[in-house]
Amino acid sequence: ATLGPQYATMTRYKFVSSEATTGTFGFEMTGTYEDWLAERSTPAILIELPTNTGRFFTQHTAAIWTMIRG
């Protein structure tokens, strides 16, 4: 499985592929760090949180460490 859908399942967030960002956000996203890494065969995901505290941060930190540890 790819990282994005796997992460979304763990955090109960909606996965939005890079191809779908124009329709989702209303503008094309280009030149992102994740794209640069993908060109170098390095996996990466972008996680956007509404705040850096509370349950969002805790929930996502746990998911990130689970994925890193494999």
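In the block above lies the structure referred to throughout.
The structure reproduced in this document is the subject of the present report. A quick note: this is a predicted structure, and the numbers were derived from the prediction, not measured. (Residues numbered from 1 in each chain as written. Predicted model: local features only at pLDDT ≥ 70, side-chain atom pairs only at ≥ 80, totals over all residues. Heavy atoms only, no water.)

### Focus on the environment of T2
The residue T2 is located in the segment before α1 (3-11) in this model. With a relative accessible area of 52%, T2 lands in the exposed category. (Helix = DSSP H or I, 4+ residues; strand = E, 2+ residues; numbered from the N terminus. Buried < 20%, exposed > 50% of the residue type's maximum accessible area, 1.4 Å probe, protein only.)

### Re helix α4 (residues 54-69)
Along its 16 residues, α4 runs 23 Å from first to last C-alpha, staying within 8% of the 22 Å computed at 1.5 Å per residue. Along α4, the positions that sit buried rather than exposed are H60, A63 and M67. Buried residues of α4, viewed axially, fall in a sector of 60°; they line one side. Exposed residues pointing more than 90 degrees away from the buried face of α4 are listed as T58, I68 and R69. Once α4 finishes, G70 follows within two positions and takes phi at roughly 70°, a positive value. (Expected span 1.5 Å × (residues − 1). Arc of directions from axis to C-beta.)

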